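Read off the chains here:
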Amino acid sequence: MKKRVFVILIILAVFLSPPFALFRSMAVMLPYSSWHKSRSVQAEKGFEIDIPGGMSTAESDWYPFVMTFNDDAGFRNYTGNDSASLTIMYNFPAFSLLKGCSRLFDPSSPYCGAFYGAYITSGNDEPYGFSGGAPDADKIAGIPEFDLKYLVLGPFGLDPEDMIFDKSLISSQDGVSYAGYDGWIRFDVGIKTNSPVHKFSRFDQSYLQYGIPAFESEDDFAPTDMYGRIYAKYFDESSTGVIFYILAADPAVIADCDREILSKSVIKGNI
């Protein structure tokens, strides 16, 4: 009996150890993401978007695979549009096996606070973020603001009223070819928002994917300067908007992610 208890304690200690945190995260996120993918805008419309994950590069840069999340109810409440649908495909920085959490929380990492992926929108009329078939830059900027405020920083303990999200357009370019289609508009923006670096104070289910922050934090959720790159396109046949995005504090991270990962995304099916 004592031997069995000892073995169980050893297994539990290994399972809870920092090096095992990535595998705990993947064990949770694989089925959770698959469940959301089956209920996504893409699934409803009959197409797929494949975005490479961290395993597509030789670097320890990003989480192994891109996840899917739907929040129609929250997004409708946020926008006041009771027919808006939003699917979020996202990826975040790789885990530090020593710390047992994502480098999303590492203030010394160029990947601190970084994300990439795609927002897929639809509605009864035009999808949110578009007007007359053209991307509306202000509305599109509201999507990552909603994402950061309510789905990322809020669960970490930052009150929405304390969140900063100020944006400025750096440049835009029409007629861009991306993900196998012509006609995208690219926006590069500057964003001042809150860093995700903070001291752990209470458990939230979001820590199951990111790990519990274990990096030093002198100032929780401190204001920080970030950069964003967005590729947006309206697909008339399916009345769907697709918005690829990268968010990072280091412009080199955005350039590398765009070149090596996001630009290799593939849209499959009739969109």
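Treat the numbers as computed from the prediction; the structure is a model and nothing was measured. Just so you know, the residues in each chain are numbered from 1, in the order the chain's sequence is written. Reporting of local features is limited, given that this is a predicted model, to residues whose pLDDT is at least 70; pairs of side-chain atoms are given and counted only at 80 or more, and all residues count toward the totals for whole chains, interfaces and linings. By convention in this description, side-chain values take in all heavy atoms of the structure and omit both hydrogens and water.

A. Empty space enclosed by the protein, seen in detail. Cavity means a closed set of points on a 1 Å grid over the protein atoms alone, one where a 1.4 Å probe fits but cannot get out, pocket means an open set with protein on both sides within 12 Å along at least 5 of 7 lines, and lining means a residue has an atom within 4 Å of a point. Grid points are joined across faces, edges and corners, and a volume is the space filled by probe spheres set on the points. Applying the stated criterion across every chain, the model contains 2 cavities of 30 Å³ or more. Approximately 70 Å³ is the volume attributed to the largest cavity. Leu104, Gly113, Phe115, Leu148, Val152, Leu153, Thr193, Asn194, Pro196, Met226 and Leu247 are the residues that line the largest cavity. In this structure, the second largest cavity occupies an estimated 40 Å³ of space. Ala141, Pro144, Phe165, Lys167, Val189, Ile191 and Ile230 together form the lining of the second largest cavity. Of all the secondary-structure elements, those providing two or more residues to the lining of the second largest cavity are helix H5 (137-156), strand E9 (165-178) and strand E10 (181-194). Secondary structure is summarised from DSSP: a helix means a run of H or I of at least four residues, a strand means a run of E of at least two, and numbering begins at the N terminus for each.

B. Expanded view of the packing of aromatic side chains. Stacked, tilted and edge-to-face are the three classes applied to pairs of Phe, Tyr and Trp rings, where Trp contributes its six-membered ring and a pair requires centres within 6.5 Å; stacked means planes under 30 degrees apart, edge-to-face means over 60, and tilted covers the rest. Applying the stated criterion across every chain, the model contains 26 aromatic pairs. When the centroid spacing of 5.2 Å and the interplanar angle of 40 degrees are considered together, the rings of Tyr78 and Phe146 count as tilted. Placement of Tyr78 in helix H4 (residues 72-79) and of Phe146 in helix H5 is noted, with a sequence separation of 68 residues between them. An angle of 70 degrees between the planes, with centres 5.9 Å apart, marks the rings of Tyr78 and Tyr150 as edge-to-face. One end of the pair, Tyr78, is in helix H4; the other, Tyr150, is in helix H5, with 72 residues separating them in the sequence. Buried means the residue's accessible area, taken with a 1.4 Å probe over protein chains only, is under 20% of the maximum for its type, while exposed means over 50%, and partly exposed covers the values in between. On the basis of relative accessible area, Tyr78 is assigned to the partly exposed category, the value being 27%. Just above the ring of Phe235 sits the side chain of Lys233; from NZ or CZ to the centre is 5.2 Å. Placement of a positive charge over a ring is assigned whenever Lys NZ or Arg CZ falls within 6 Å of the ring centre and within 35 degrees of the normal to the ring plane.

C. Spatial organisation of the environment of Pro251. Turning to its location among the elements, Pro251 is positioned in helix H7 (residues 251-260). On the accessibility criterion, Pro251 (46% relative accessible area) is partly exposed.

D. Fine view of the packing of H4 against H5. Convention adopted: a line fitted to C-alpha atoms gives each axis, helices being fitted over their contacting stretch, and angles between N-to-C directions are expressed from 0 to 180 degrees. Where H4 contacts H5, the two axes come as close as 11 Å, and the packing angle between them is 115 degrees. Seen along the crossing, H4 lies across H5 with a hand that is right-handed. Side by side, H4 and H5 meet where Gly74, Phe75 and Tyr78 of the first sit next to Gly142, Ile143, Glu145, Phe146 and Tyr150 of the second. Think of it as three bins: nonpolar holds Ala, Val, Leu, Ile, Met, Phe, Trp, Tyr, Cys and Pro, charged holds Asp, Glu, Lys and Arg, and polar takes everything else, Gly as well. Residues of the contact of H4 with H5, tallied by class, amount to 5 nonpolar, 2 polar and 1 charged. By definition, any crossing whose near helix is turned counterclockwise from its far helix by less than a right angle is left-handed, and any crossing with a clockwise turn is right-handed. Note on contacts: a residue pair qualifies if any of its non-hydrogen atoms lie within 4.5 Å across the two residues.

E. Seen up close, the nonpolar core. Side-chain atoms within 4.5 Å are what join buried Ala, Val, Leu, Ile, Met, Phe, Trp, Tyr and Cys residues into a set we call a nonpolar core. With 45 residues, the main nonpolar core has Tyr63, Tyr90, Phe92, Phe105, Phe156, Tyr210 and Ile243 as its most contacted residues. At the level of elements, helix H2 (21-37), strand E3 (85-91), strand E6 (115-122), H5, E10, helix H6 (207-210), strand E11 (223-235) and strand E12 (240-248) are the ones that each hand at least two residues to this core. In terms of residue count, the dominant contributor to this core is H5 (7 residues). The contacts of Phe105, once residues within four sequence positions are left out, are Phe156, Pro196, Val197, His198, Tyr207, Tyr210, Gly211, Pro213 and Phe215. Core analysis: the next-biggest nonpolar cluster, separate from the first, contains 29 residues, Ile51, Met89, Tyr111 and Ala179 among them.

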